[in-house]
Amino acid sequence: MTQTQTSTNTNTNQLQLKSHANYALAISHIVHTLKEAYDTGTSLNLSKCKGAAAKKYKLQGIPRISDVIAAIPEHYKDKLLPYLKQKPVRTASGVAIVAVMSKPHRCPHIAFT
């Protein structure tokens, strides 16, 4: 391996470690905000909180709710879990597009003409 390839691999590894660290920091920020909101009794928009954390820590996407749930301390899980559970979403609008393909066959009305 040449020195250029080695430095490229090292830079790639450093970027991956930095992105993993930023993801962990974003999750920690979300959990801390959730705990504060629960303790003070204030309402919190979880989607906005996740978006703000992703923007603050320069993430490519928004953190998953499963990662947030996994990061919550045990003594808060029973209190916060009912607020974090989401029902499954089938489609965004509630309307699913379904395509039905039938086997091609001859039109039955041709025999009568």
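Residues numbered from 1 in each chain as written. Predicted model: local features only at pLDDT ≥ 70, side-chain atom pairs only at ≥ 80, totals over all residues. Heavy atoms only, no water.

> How should the overall build of the protein be read in this particular structure?
For the protein, the helix and strand inventory stands at four helices and zero strands. In the protein, the succession of α and β elements from N to C terminus is α-α-α-α. Considering only contacts in the protein between residues 6 or more positions apart, those separated by 24 or more positions represent 60%. Entry remark: accessible area of the protein is about 9500 Å², with carbon and sulfur atoms responsible for 58%. (Helix = DSSP H or I, 4+ residues; strand = E, 2+ residues; numbered from the N terminus. Contact = heavy atoms within 4.5 Å. Areas by Shrake-Rupley, 256 points an atom, 1.4 Å probe, with all protein chains shown as cover.)

> Teacher, can you tell me more about helix α4 (residues 74–84) here?
Because each turn of an α-helix spans 3.6 residues, side chains separated by three or four positions end up pointing in the same direction. Residues of α4 that are buried include every one of Tyr76, Leu80 and Leu84, and no others. For α4, the angular spread of buried residues about the axis comes to 60°, placing them on one side. Of the exposed residues in α4, those oriented more than 90 degrees away from the buried face are Asp78 and Pro82. (Buried < 20%, exposed > 50% of the residue type's maximum accessible area, 1.4 Å probe, protein only. Arc of directions from axis to C-beta.)

> Would you take a moment to explain the pattern of salt bridges for this structure?
Two side chains with opposite charge may pair up if their charged atoms get near one another. Per the counting criterion, the structure on display carries two salt bridges. Note that Asp67 and Arg64 form a salt bridge whose closest N and O atoms lie 3.3 Å from each other. A salt bridge links Lys77 to Glu74; the shortest N-O distance between them is 3.9 Å. Pair noted here: Lys77 and Glu74 are both in helix α4, with a separation of three residues, about one helical turn. Taking relative accessible area as the criterion, Glu74 reaches 62% and is therefore assigned exposed. (Salt bridge = Lys/Arg side-chain N within 4 Å of Asp/Glu carboxyl O.)

> Explanation requested: the side chain of Asn22 in the structure shown.
As for its placement among the helices and strands, Asn22 is situated in helix α1 (residues 3–40). Contacts of Asn22, omitting those with residues within four sequence positions, involve Tyr57 and Leu59.

> Which parts of the structure should I look at to understand the environment of Leu81?
Looking at the element boundaries, Leu81 is found in helix α4. Sequence separation of Leu81 and Ile69 is 12 residues, and the distance between their C-alpha atoms is 7.4 Å.

> Is there a simple way to think about the side chain of Thr33 in this case?
Looking at the element boundaries, Thr33 is found in helix α1. A polar atom in the side chain of Thr33 sits 2.8 Å from the backbone oxygen of His29. Excluding its chain neighbours within four sequence positions, the residues that come into contact with Thr33 are Leu44 and Cys49. (Polar contact = N/O pair within 3.5 Å; in protein donor to acceptor, adjacent residues only side chain to side chain.)

> Honestly, helix α2 (residues 46–56) in this entry has me stumped. Any pointers?
For α2, the complete set of buried residues consists of Leu46, Cys49, Lys50, Ala53 and Ala54. Taken end-on, α2 shows its buried residues confined to a sector of 130°, consistent with a single buried face. When the buried face of α2 is taken as reference, the exposed residues oriented beyond 90 degrees from it are Ser47, Lys48, Lys55 and Lys56. One or two residues past the end of α2 sits Lys58, with phi positive at roughly 55°.

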